[in-house]
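Listed here are the chains, written in short residue letters.
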Amino acid sequence: MRDIRKSAGTKAEKIAADYLCQQGVRIVQKNFRSRYGEIDLIGWDGQYYLFIEVKLRNSYEQGFPAEAVDARKQRRICQTFDYYRMKHKMDEYVPVRFDIVEVKWDGTCHWLKNAFDYIE
């Protein structure tokens, strides 16, 4: 079951990356990992560095995909972002945004820009 979920997640991330590229986003990195967690996609839209969580759901019985990005998950993404920023020597004033891309099984995407604020 875990392999199926991982495979579906990988496919959803590719769909999301393709969709974002069509919207003018340049994907800088995929699956950035740290001891705090993982950021699915990191992109640049010409104004902001985007730190993007990709979510896929079989159905909406469990709620919308973005609802799975709770405060705990947001904090982990922000901690991973802090590590990325340090590792890449990014100035603290570089404009960043935390987005979510919901991917549906039919391949359609819903992009939630500025889905959550930075959490320390």
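Residues numbered from 1 in each chain as written. Predicted model: local features only at pLDDT ≥ 70, side-chain atom pairs only at ≥ 80, totals over all residues. Heavy atoms only, no water.

**Student:** When you look at unusual backbone geometry in this model, what are you seeing that I'm missing?
**Tutor:** Glycine aside, a negative phi is what most residues show, and trans is what most peptide bonds show. In this model, K89 sits at a positive phi of 50 degrees, which is unusual for a non-glycine residue. Turning to its location among the elements, K89 is positioned in the loop between α2 (71-87) and β4 (96-103). The exposure class of K89 is exposed, given its relative accessible area of 73%. Even without being a glycine, N114 presents a positive backbone phi close to 55 degrees. (Helix = DSSP H or I, 4+ residues; strand = E, 2+ residues; numbered from the N terminus. Buried < 20%, exposed > 50% of the residue type's maximum accessible area, 1.4 Å probe, protein only.)

**Student:** I'm lost on the pattern of salt bridges in this one. Help?
**Tutor:** Where charged atoms from two side chains of opposite charge come close, those side chains can pair. Counting across every chain of the model gives seven salt bridges. For the salt bridge of K73 with E53, the shortest nitrogen-to-oxygen distance reads 3.6 Å. Taken together, the positions of K73 in helix α2 and E53 in strand β3 (residues 49-56) put the pair 20 residues apart, joining distant regions of the chain. Where D82 meets R85, a salt bridge forms, and the shortest distance between an N and an O atom there is 3.2 Å. Separated by three residues within a single helix, D82 and R85 lie in helix α2, roughly one turn from each other. Looking at D82, the relative accessible area reads 24%, which means it is partly exposed. (Salt bridge = Lys/Arg side-chain N within 4 Å of Asp/Glu carboxyl O.)

**Student:** Looking at this structure, how should I read the pairing of strand β1 (residues 26-33)?
**Tutor:** On any regular strand, side chains alternate: one points to one face of the sheet, the next to the other face. Bridge count between β1 and strand β2 (residues 38-44): six bridges; the pairing is antiparallel. Across the sheet, R33 pairs through a bridge with E38, a residue of β2. (Pairing = 2+ DSSP bridges.)

**Student:** Would you mind showing me how to read the state of the cysteines here?
**Tutor:** Linking two cysteines covalently via their sulfur atoms produces the bond known as a disulfide. A complete count under the given rule lists zero disulfides for this structure. C109 supplies the cysteine sulfur nearest to C21, a cysteine that is in no disulfide, at a spacing of 11 Å. (Disulfide = S-S within 2.5 Å.)

In short, the description is geometric, and any link to function would need to be established separately.
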